[in-house]
Amino acid sequence: MKSAQLKVVKNPVAEIPLQPASQDIWDKKYRLKSKQGDAVDQTIDATYQRVAEALAAVEATPELRDTWNERFLWALRHGAIPAGRIISNAGAWEHKPATSTINCTVSGTIGDSMDDILGKVHQAGLTLKAGCGIGYEFSTLRPRGAYVSGAGAYTSGPLSFMDIYDKMCFTVSSAGGRRGAQMATFDVGHPDVMEFVRAKREDGRLRQFNLSLLITAEFMEAVKEDAQWPLAFPVTEEEVAADDIDLNDPQQIVWRESPVKGRYGTNEAGQVASRIYKSSRAQRLWDVIMASTYDYAEPGFILIDKVNEMNNNWFCEEIRATNPCGEQPLPPYGSCLLGSINLTKFVRDPFTDKAWFDWEEFNEVVATFTRMLDNVVEINGLPLEQQREEILSKRRHGMGYLGLGSATTMLGLKYGSPESLEFTEKVTREMAVTGWREALDLAREKGPAPILEQEFIVSEEMLRKRPEMTRDGYQAGDRLPGKVLHARYSRYMQRVAEVEPELVDQLAEVGARFTHHSSIAPTGTI
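Just so it is clear, the structure is predicted and the values come from calculations on it, not from any experiment.

Draft legend 1. Up close: the overall build of the chain. When its secondary structure is counted, the chain shows 21 helices and 19 strands. In summary, the chain has a C-alpha radius of gyration of 25 Å against a globular reference of 24 Å for 526 residues, a match within 12%. Counting only C-alpha atoms, the chain reaches 75 × 60 × 55 Å along its principal axes. For the chain, with 526 residues in total, the buried portion stands at 52%. Intrachain contacts of the chain at a sequence separation of at least 6 include 72% that bridge at least 24 residues. Of note, the chain has its 60 positive side-chain charges centred 6 Å away from the centre of its 74 negative side-chain charges.

Draft legend 2. Focus on the nonpolar core. Counting 44 residues, the largest nonpolar core has Leu-55, Ile-341, Leu-343, Phe-357 and Phe-362 as the members making the most contacts within it. Elements supplying a minimum of two residues to this core: α2 (44-56), α3 (62-77), β14 (335-342), α12 (359-376), β17 (397-402), α14 (404-410) and α15 (418-446). Phe-209, Leu-213, Leu-231 and Leu-285 belong to the second largest nonpolar core, which has 37 residues in total.

Draft legend 3. Molecular detail of unusual backbone geometry. In this structure, the amide linkage connecting Glu-298 to the following residue, Pro-299, adopts the cis form with an omega of 5°. Among the secondary structure elements, Pro-299 is positioned in the loop between α10 (282-296) and β11 (300-303). A positive phi angle, close to 55°, is found at Leu-206, a residue other than glycine. Inspection of the secondary structure puts Leu-206 in the loop between α7 (193-198) and β7 (209-215). Its relative accessible area of 0% is what places Leu-206 among the buried residues. Positioned with a positive phi, Arg-395 is a non-glycine residue whose angle comes to about 55°. Looking at where Arg-395 falls in the secondary structure, it is placed in the loop between α13 (385-394) and β17.

Draft legend 4. Just the environment of Asp-478, in detail. With respect to the helices and strands, Asp-478 occurs in the loop between α18 (467-471) and β19 (479-481). Taking C-alpha positions, Asp-478 is 44 Å from Leu-402, a pair spaced 76 residues apart along the chain. If near-sequence neighbours (up to four positions away) are discounted, Asp-478 is found in contact with Phe-456, Ile-457, Val-458 and Gly-473. Separated by 2.8 Å, the side chain of Asp-478 and the backbone nitrogen of Gln-475 make a polar contact.

Draft legend 5. Layout of the sheet that holds strand β8 (residues 228-234). If you walk across this open sheet you meet the 3 strands as β8-β10-β9, and the pairing is antiparallel. Both outer strands of the open sheet, β8 and β9 (253-256), are each paired with one neighbouring strand and no more. The mean angle between the axes of side-by-side strands here comes to 50°, regardless of whether they run parallel or antiparallel. Pairing of β8 with strand β10 (residues 272-281), which is carried by 7 bridges, proceeds in the antiparallel orientation. Of the residues in β10, the one forming a bridge with Pro-230 is Ser-279.

Draft legend 6. Examining the layout of surface pockets more closely. Looking at the second largest pocket, its volume works out to about 920 Å³. Along the walls of the second largest pocket sit 27 residues, with Met-310, Tyr-492, Arg-495, Ser-518 and Ser-519 positioned nearest its centre. Of all the elements in the fold, those that place two or more residues in the lining of the second largest pocket are α11 (304-310), α15 and α20 (491-499). No other element matches α15, which puts 7 residues into the lining of the second largest pocket.

Draft legend 7. Representation of helix α21 (residues 501-510). Among all positions of α21, only Leu-503, Val-504, Leu-507 and Ala-508 are buried. Axial view of α21: buried residues confined to an arc of 140°, hence all on one face. When the buried face of α21 is taken as reference, the exposed residues oriented beyond 90 degrees from it are Glu-502 and Glu-509.

Draft legend 8. Representation of the pattern of salt bridges in the model. Scanning the model with the defined rule gives 38 salt bridges in all. Of the charged contacts, one joins Glu-298 and Lys-200 as a salt bridge, the two residues approaching to 2.5 Å between their closest N and O atoms. In this pair, Glu-298 is assigned in the loop between α10 and β11 and Lys-200 in the loop between α7 and β7, connecting sequence segments 98 residues apart. The class for Glu-298 is buried, based on a relative accessible area of 13%. Between Arg-348 and Asp-358 there is a salt bridge; the shortest N-O distance is 3.4 Å. On the criterion of sequence distance, the pair formed by Arg-348 in strand β15 (residues 347-348) and Asp-358 in the loop between β16 (356-357) and α12 is long-range, its members being 10 residues apart. Relative accessible area serves as the criterion here: at 21%, Arg-348 is assigned to the partly exposed category.

Draft legend 9. Highlighting a nonpolar patch on the surface. On the surface, Met-114, Leu-118 and Ile-164 cluster together to form a nonpolar patch covering roughly 270 Å² of accessible area. By the secondary structure assignment, Met-114 is in helix α5 (residues 114-129).

Draft legend 10. Spotlight on empty space enclosed by the protein. Following the criterion strictly, the structure yields 2 cavities of 30 Å³ or more and no others. The space that makes up the largest cavity amounts to roughly 200 Å³. As for the largest cavity, its lining consists of 18 residues, and the residues nearest its centre are Ser-139, Pro-234, Glu-257, Ser-258 and Arg-320. Of all the secondary structure elements, the ones that give two or more residues to the lining of the largest cavity are β8 and β10. Take the lining of the largest cavity: its biggest share by element is 3 residues, from β8. Split into classes, the residues belonging to the lining of the largest cavity amount to 7 nonpolar, 6 polar and 5 charged. Of the voids in this model, the second largest cavity is the one considered here, and its volume is about 110 Å³.

Draft legend 11. Quick peek at the packing of helix α19 (residues 482-489) against α20. In contact at an axis separation of 5 Å, α19 and α20 are set at 60° when each is read in the N-to-C sense. Between α19 and α20, the interaxial angle falls into the category oblique. Judged by residue contacts, His-486, Ala-487, Arg-488 and Tyr-489 of α19 engage Arg-491, Met-493 and Gln-494 from α20. Counted by class, the contact of α19 with α20 contains 3 nonpolar, 2 polar and 2 charged residues.

Calculation criteria
- Numbering of residues begins from 1 in every chain and follows the order in which that chain's sequence is written.
- Only residues with pLDDT of at least 70 get local features here, since the model is predicted, and only at 80 or more are side-chain atom pairs given and counted; chain-wide, interface and lining totals rely on the full set of residues.
- With hydrogens and water excluded, all non-hydrogen atoms of the structure serve as input to the side-chain values.
- Elements are defined by DSSP. Helices are runs of H or I of four residues or more, strands are runs of E of two residues or more, and each kind is numbered from the N terminus.
- Note on method: radius of gyration uses C-alpha positions; expected globular size equals 2.2 Å times residues raised to 0.38.
- Burial classes: relative accessible area under 20% of the type maximum marks a residue as buried, over 50% as exposed, and values in between as partly exposed (1.4 Å probe, protein chains only).
- The contact criterion used is simple: two residues touch if any of their non-hydrogen atoms lie within 4.5 Å.
- Positive charges come from Lys and Arg alone, negative charges from Asp and Glu alone, with His and the N- and C-terminal ends not counted.
- Where a charge lies is defined by one atom per residue type, namely NZ (Lys), CZ (Arg), CG (Asp) and CD (Glu).
- What we call a nonpolar core is a set of buried Ala, Val, Leu, Ile, Met, Phe, Trp, Tyr and Cys residues that are connected through their side-chain atoms within 4.5 Å.
- Pairs of N or O atoms are called polar contacts if they sit within 3.5 Å, as long as, within protein, a hydrogen donor faces a hydrogen acceptor (for residues adjacent in sequence, only side-chain-to-side-chain pairs).
- For two strands to count as paired, DSSP must find a minimum of two bridges between them.
- Axes here refer to lines fitted to C-alpha atoms; in helices the fit is confined to the stretch in contact. Angles between the N-to-C directions go from 0 to 180 degrees.
- Residues are called lining when one of their atoms sits within 4 Å of a cavity or pocket point, these points coming from a 1 Å grid over the protein atoms alone, where a cavity is a set in which a 1.4 Å probe fits but cannot get out and a pocket is an open set with protein on both sides within 12 Å along at least five of seven lines.
- Grid points are joined across faces, edges and corners, and a volume is the space filled by probe spheres set on the points.
- To obtain the arc, one takes the directions from the helix axis to the C-beta atoms.
- What makes a salt bridge here is a side-chain nitrogen of Lys or Arg within 4 Å of a carboxyl oxygen of Asp or Glu, nothing more.
- Each patch is built from salt-bridge-free residues with over 30% relative accessible area, joining like charges within 9 Å and nonpolar side chains (Val, Leu, Ile, Met, Phe, Trp, Tyr) within 5 Å.
- Each accessible area is a Shrake-Rupley result for a 1.4 Å probe, and residues are judged covered by the shown protein chains and nothing else.
- All amino acids are sorted into three groups, where Ala, Val, Leu, Ile, Met, Phe, Trp, Tyr, Cys and Pro are nonpolar, Asp, Glu, Lys and Arg are charged, and the leftover types, Gly among them, are polar.
- Any angle that falls under 35 degrees is termed roughly parallel, while one over 145 is termed roughly antiparallel, one within 65 to 115 roughly perpendicular, and all others oblique.

Take a look at the structure:
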């Protein structure tokens, strides 16, 4: 039998035609059609033209609109790929006016009351109808069997209410023709955590959800030490008085981070008093989680301490949930638009010993694409006022890349080799630094994200999270603008400062156009 021979493809990568499967995906998911099913976008390039024109229309003058329409179209033809909701819905309002250009959202915090639980179901339905995915934290709801004084009864627990959201998503997605996407997160310290971990072992249950546990460093230490792990839920001041609970008794109370603080007892460090319902060996819980992950690929892990530590908006947000695919941790009512850059578009002389990566064009596409994504904020189409306020205040977006494995192969690099890792590091760094340079330029041209112009009062909790602020002379009660807290004290921006210290100095002085820029998303069918 003869061995297969590989031929070098001489065509420039940009000229390789799309495969039939790619054409089919475009036609079924992203091509604009009339309600009669007739194609409005005659070609993929017509789709690019529609999107470029819609995003350029945000610019302030006719001259700028013409210039950036041309530049945006160039970027789309050279590897910039906006996320699906942008490709599908930007410039399509004549045919589908109630749709959004935003892929990712997170629900407002679900309060522990029937009124708020059902109110958030309604909001979620509107969000899914607009074409957005949505995430929620359900461990804000009291555990199964807890007493509800207003009803004089015992609650059925958070999993039963998740079933309501699951059915709602199935119904809305069926009516809209596009499968709805939901993420449910759950604290590893909640009394019903075992029920959450095992939920999908029931046939047909929670099939409209991805599930992820909020894992803390404290839990991981308990696993390592084979310690007992207290399962607890926040206790109200009324419950403390009625049940004669001693907040200083470690057998009754554990102090933990919580997204809900107002109605619960809180200490100076911002931690909430939580009543211990029961305890479990941490390793036993770990084994159950691992078994479920092995058998059902769920629940996922969200290292929530690290998420909040690395969050650029650490000073004004507490994140407890993500979008359905998990790449975007977001605050209550948070939204994030996405886009990816096709790395294969920048490989020159592929599959030869002269193969090289065009860094100059890559950085030019990143800069142009950054402006494109920032413009999407103005045409977000989000259905809820809280969502619109959140995205306009922070203007976060997530730019990533796709085709990394293909690009390294085209460059003659073995995937996973030291050389390929060095290339990956450089691609990621260049994308980030170029994006933050554009954030500075756009802030000077159009103004920074409004949240960065606001002043924030330094709290004891902030000083606990950022001890270097104390070394810099700040005290509780001082006032600082968001742009300083963002550029100087964000753990992520501190890493950027190691590479570009002068850029971060200017961002602290001027502010950035957006609070977040990079996000490596699972790119699916784009």
